[in-house]
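# Observations on the three-dimensional arrangement
Given next are the chains, with one letter for each unit.
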Amino acid sequence: MCYPQRLADRLIDENPRLARGLYDKTLRDLAHAQSRMLLLGRMTASERVARFLLELAERRDARHVLDLPMSRSDIADYLGLTIETVCRVLSAFKRGGVIAIPTPHRIELRDREALEVLGEA
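Here the structure is a predicted model, which means the values were calculated and not measured.

## Some points on the overall build of the chain
- Helix and strand content of the chain: six helices and three strands.
- Along the chain, helices and strands appear, N-terminal first, in the series α-α-α-β-α-α-β-β-α.
- Relative to its length of 121 residues, the chain is extended, with a C-alpha radius of gyration of 19 Å against a globular reference of 14 Å.
- Seen along its three principal axes, the alpha-carbon backbone of the chain occupies a region of about 60 × 30 × 25 Å.
- Contacts in the chain between residues far apart in sequence, at least 24 positions, make up 52% of those at least 6 positions apart.
- Here the chain has roughly 8300 Å² of accessible surface; of this, 55% comes from carbon and sulfur atoms.
- If the 20 positive side-chain charges of the chain are averaged to one point and the 18 negative ones to another, these points end up 1 Å apart.

Listed below in structure tokens is the structure:
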């Protein structure tokens, strides 16, 4: 066992509050992953992309402009879609005035309410 692992084990053994906090966080993360997996299995491509954009905006505290840290291919992999489907959905959102795409790695949220409606599964 490596030194950081032994140190972490010792901290957990000596601090029940830390152990409980880690346990609770692990359970929350597991529950979130499970519900996300179930939701993705039931969501349409449009719902998945809309939800992705909204979650990214929330994580980055961005109200209207998203700088995408991922390529379309990475987004497709993350959402369990093909790159063609992601591009098709983004183009449909753009045509509908829901988003604007000034550059390949920037998306402007023009109609956040419409995205929220689309992202509801």
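## Here's the deal with the environment of P104
- Along the chain, P104 falls in the loop between strand 2 (99-103) and strand 3 (106-109).
- By relative accessible area, which is 58% here, P104 ends up exposed.
- Along the chain, P104 and R72 lie 32 residues apart, while their C-alpha atoms are 8.7 Å from each other.
- Once you skip the residues sitting within four places of it in the chain, P104 turns out to touch L68 and R72.

## Observations concerning helix 5 (residues 83-95)
- Look at helix 5: 18 Å from first C-alpha to last across 13 residues, which is about the 18 Å you get at 1.5 Å a residue.
- All of the buried residues in helix 5 are T85, V86, V89, L90 and F93. Along the long axis of helix 5, the arc covered by the buried residues comes to 130 degrees, so they all point the same way. Exposed and facing more than 90 degrees away from the buried side of helix 5 are R88 and R95.
- Summarising the contacts, the buried residues of helix 5 are in contact with helix 3 (45-59), helix 4 (72-79), strand 2, strand 3 and helix 6 (112-118).

## A closer look at the sheet that holds strand 2
- Read from one edge of the open sheet, three strands run 1-3-2, paired in antiparallel fashion. Two strands lie at the open edges of the sheet, namely strand 1 (65-67) and strand 2, each paired on one side alone. Direction aside, the axes of adjacent strands within the sheet are offset by 25 degrees on average.
- When strand 2 meets strand 3, the two strands line up antiparallel, connected through three bridges. Paired with A100 across the strands is E108, a residue of strand 3.
- With respect to the sheet, helix 5 is in contact with strand 2 and strand 3, its orientation differing from that of strand 2 by roughly 110 degrees.

## So, unusual backbone geometry
- The phi dihedral of D61 falls on the positive side, at around 55 degrees, and the residue is not glycine.
- Structurally, D61 is set in the loop between helix 3 and strand 1.

Calculation criteria
- Residues numbered from 1 in each chain as written.
- Predicted model: local features only at pLDDT ≥ 70, side-chain atom pairs only at ≥ 80, totals over all residues.
- Heavy atoms only, no water.
- Helix = DSSP H or I, 4+ residues; strand = E, 2+ residues; numbered from the N terminus.
- Rg over C-alpha atoms; globule rule 2.2 N^0.38 Å.
- Contact = heavy atoms within 4.5 Å.
- Areas by Shrake-Rupley, 256 points an atom, 1.4 Å probe, with all protein chains shown as cover.
- Lys, Arg positive; Asp, Glu negative; His and termini not counted.
- Charge placed at Lys NZ, Arg CZ, Asp CG, Glu CD.
- Buried < 20%, exposed > 50% of the residue type's maximum accessible area, 1.4 Å probe, protein only.
- Expected span 1.5 Å × (residues − 1).
- Arc of directions from axis to C-beta.
- Pairing = 2+ DSSP bridges.
- Axes fitted to C-alpha atoms, helices over the stretch in contact; angles between N-to-C directions.

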